Amino acid sequence: MRKKVTVVGAGNVGATAAHWIAAKELADVVLVDVVEGVPQGKSLDLLQAMPIEKRDVQITGSNGYEETANSDIVVITAGIARKPGMSRDDLLNTNAKIMADVVGKVTAVSPNCIMIIVSNPLDAMAQAAFKQSGFNRERVIGMAGVLDSARFRTFIAEELKVSVENVTAFVLGGHGDTMVPLPRYSTVAGIPITELMDEATIARLVSRTANGGAEIVKHLKTGSAYYAPSAAAVEMVEAILKDKKKILPCAAYLQGEYGINGLYVGVPCKLGERGLEQIVEIKLTEPEAAALKKSADAVKELCTIIGMA
Ligand SMILES: NC(=O)c1ccc[n+]([C@@H]2O[C@H](COP(=O)([O-])OP(=O)(O)OC[C@H]3O[C@@H](n4cnc5c(N)ncnc54)[C@H](O)[C@@H]3O)[C@@H](O)[C@H]2O)c1
């Protein structure tokens, strides 16, 4: 039997995530949105691409949750996105209300699902979903690090004129200005980038990565990035559905790891059929640990505002 993935929010990120899932033939997809007609129209359109793409998956659109029952994975992208001049944190109160609504409805019909949270501000929304669902931490995971590290990888590959396939990057911390890229663990064909670029170049790429979302918002003017964000969420979906035991940077609920307790922060996670199967801990230098703490403090502040700390 095919697996079932629900994507809540049929906007830019949600609909494109449905596209990647279907294109990779990973699972049947149910697309849910509050706007009448949009999930139905987009899913019908996507379904009609399947004969061309030679993919056998069912794609359904709905304004309710009945069709989502017993999903294996639910990707939550519902909420408002940034406009120029807005920070992710400006979305906090609106998206916290939307998250509460969505999580209640999702868990009522898919009590055994794994939730992947995408809505911003990411770490606080993952924390809200975790607390509201009552799920264990293995089944509520936030997407940010895969995107942030993909952006870093893109810029490294471009700078060194090498294949993106050769580049790995390591990013810790919250999704936002306080994220913590770790150049000494970012490599090209196994060679740390610190051996291949000078400090100033690395600093420039790190800064562009941290502001990667805002750079796109500035171009688009009416919304935020969605191709890479949705591809990142679907990499996590694939790792879980195929039980790949893949180590990816994700927002996870820390219980003492990295000296942080009771908070969602981006760390290297092993993803497999049970969801979050392991948090990989590495020894940080003092400046790295301080940067991670600063990032965690920023997440905590947001969680406190919405009563989820
Ligand atoms: N974690 C990340 O790295 C990352 C990256 C990109 C975008 N995002 C976030 O993802 C979210 C979605 O971005 P987008 O570009 O797709 O926005 P969008 O506006 O295109 O789509 C959001 C959709 O959510 C729907 N929605 C609103 N309330 C809902 C509810 N209660 N139930 C179901 N659907 C509801 C809207 O109708 C809309 O179609 C934003 O919060 C954005 O900031 C996160």
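What you see is a predicted model; the values in this text were computed from it and never measured. Every chain is numbered independently, its residues counted from 1 as its sequence is written. Side-chain atom pairs in this predicted model are given and counted only at pLDDT of 80 or more, local residue features only at pLDDT of at least 70, and totals for whole chains, interfaces and linings cover all residues. Excluding hydrogens and water, the side-chain figures rest on all heavy atoms present in the structure.

Engineer: So what exactly am I meant to see when it comes to empty space enclosed by the protein here?
Structural biologist: It is the rolling of a water-molecule-sized probe over the atoms that shows where space remains empty. Cavities and pockets were defined on a 1 Å grid built from protein atoms only: a cavity is a group of points that admits a 1.4 Å probe but offers it no way out, a pocket is an open group of points flanked by protein on both sides within 12 Å along at least five of seven lines, and a lining residue is one with an atom within 4 Å of any such point. Grid points are joined across faces, edges and corners, and a volume is the space filled by probe spheres set on the points. This model, assessed by the stated rule, comprises one cavity of 30 Å³ or more. Lining of the largest cavity is provided by Asp 123, Ala 144, Gly 145, Asp 148, Val 171, Leu 172, Gly 173, Cys 250, Ala 251 and Gly 266. Only DSSP runs of H or I with at least four residues qualify as helices, and only runs of E with at least two residues qualify as strands; both kinds are numbered from the N terminus onward. At the level of secondary structure, the elements contributing two or more residues to the lining of the largest cavity comprise α6 (145–160), β8 (171–172) and β12 (246–255). Three residue categories are used. Nonpolar comprises Ala, Val, Leu, Ile, Met, Phe, Trp, Tyr, Cys and Pro, charged comprises Asp, Glu, Lys and Arg, and polar comprises the others, including Gly. Here the residues of the lining of the largest cavity sort into five nonpolar, three polar and two charged.

Engineer: Honestly, the pattern of salt bridges in this entry has me stumped. Any pointers?
Structural biologist: Opposite charge on two side chains makes pairing possible when the charged atoms of those side chains draw close. Here, a salt bridge means any Lys or Arg side-chain nitrogen found within 4 Å of an Asp or Glu carboxyl oxygen. All told, the structure shown has 14 salt bridges when counted by the stated rule. The residue Arg 204 makes a salt bridge to Glu 159 at a minimum N-O spacing of 3.2 Å. Pair noted here: Arg 204 is in helix α7 (residues 199–210) and Glu 159 is in helix α6, with a separation of 45 residues, a long-range link. In this structure, the salt-bridge partner of Glu 215 is Arg 208, at a minimum N-O distance of 2.9 Å.

Engineer: Where do I start with the pairing of strand β2 (residues 28–32) in this structure?
Structural biologist: A 1.4 Å probe rolled over the protein chains alone gives each residue an accessible area, and that area as a share of the maximum for its type sets the label: buried under 20%, exposed over 50%, partly exposed in between. Within β2, five of the five residues are buried, which leaves it mostly tucked inside the rest of the structure. Residues of β2 alternate between two faces, with Asp 28, Val 30 and Val 32 on one and Val 29 and Leu 31 on the opposite face, all of them buried. Here strand β1 (residues 4–8) runs beside β2; their pairing, made up of five bridges, is parallel. Its bridge partner lying in β2, Val 7 is registered against Leu 31. Handedness of a crossover is defined as follows: orient the strands so they point away from the viewer, and if the path from the first strand over the helix to the second runs clockwise, the crossover is right-handed. As a crossover connection, the stretch from β1 through helix α1 (residues 12–23) into β2 is right-handed. What makes two strands pair is DSSP finding at least two bridges between them.

Engineer: Just checking my understanding: could you explain the site of the ligand for this structure?
Structural biologist: Near the ligand you find 27 residues, and of these Val 13, Asp 33, Ile 80, Val 118 and Met 143 are the closest. We call two N or O atoms a polar contact when they sit within 3.5 Å, provided that within protein one can donate a hydrogen and the other can accept it, with sequence-adjacent residues counted only if both atoms are side-chain atoms. Here an oxygen atom of the ligand and a side-chain polar atom of Asn 95 are 3.3 Å apart. Starting from 860 Å² of accessible surface for the ligand in isolation, the protein chains cover 87%. Elements represented by at least two residues in the shell around the ligand include exactly α1 and α4 (92–109). Here the shell around the ligand gets four residues from one element, more than from any other, and that element is α4. For the shell around the ligand, the class distribution of residues is 16 nonpolar, nine polar and two charged. We call a residue near a molecule or strand when any one of its heavy atoms sits within 4 Å of it. In short, Shrake-Rupley with a 1.4 Å probe defines the accessible areas, and a residue's cover is counted only from the protein chains shown.

Engineer: I keep staring at the packing of aromatic side chains and nothing clicks. Help me out?
Structural biologist: For any pair of aromatic rings, geometry is given as the distance between the ring centres together with the angle between the planes. Aromatic rings from Phe, Tyr and Trp, with only the six-membered ring used for Trp, were paired whenever their centres fell within 6.5 Å, and each pair was classed as stacked if the ring planes differed by under 30 degrees, edge-to-face if by over 60, and tilted otherwise. A complete count under the given rule lists five aromatic pairs for this structure. With a centroid separation of 5.6 Å and 50° between ring planes, the pair formed by Tyr 253 and Tyr 264 is classed as tilted. Residue Tyr 253 is found in strand β12, and its partner Tyr 264 is found in strand β13 (residues 261–272); the two are separated by eleven residues along the sequence. By relative accessible area, Tyr 253 is classed as buried at 10%. Relative accessible area serves as the criterion here: at 0%, Tyr 264 is assigned to the buried category. A ring is considered to have a charge above it if a Lys NZ or an Arg CZ atom is located within 6 Å of its centre and within 35 degrees of its normal. Over the aromatic face of Phe 135 sits the side chain of Arg 139, whose NZ or CZ is 3.9 Å from the ring centroid.

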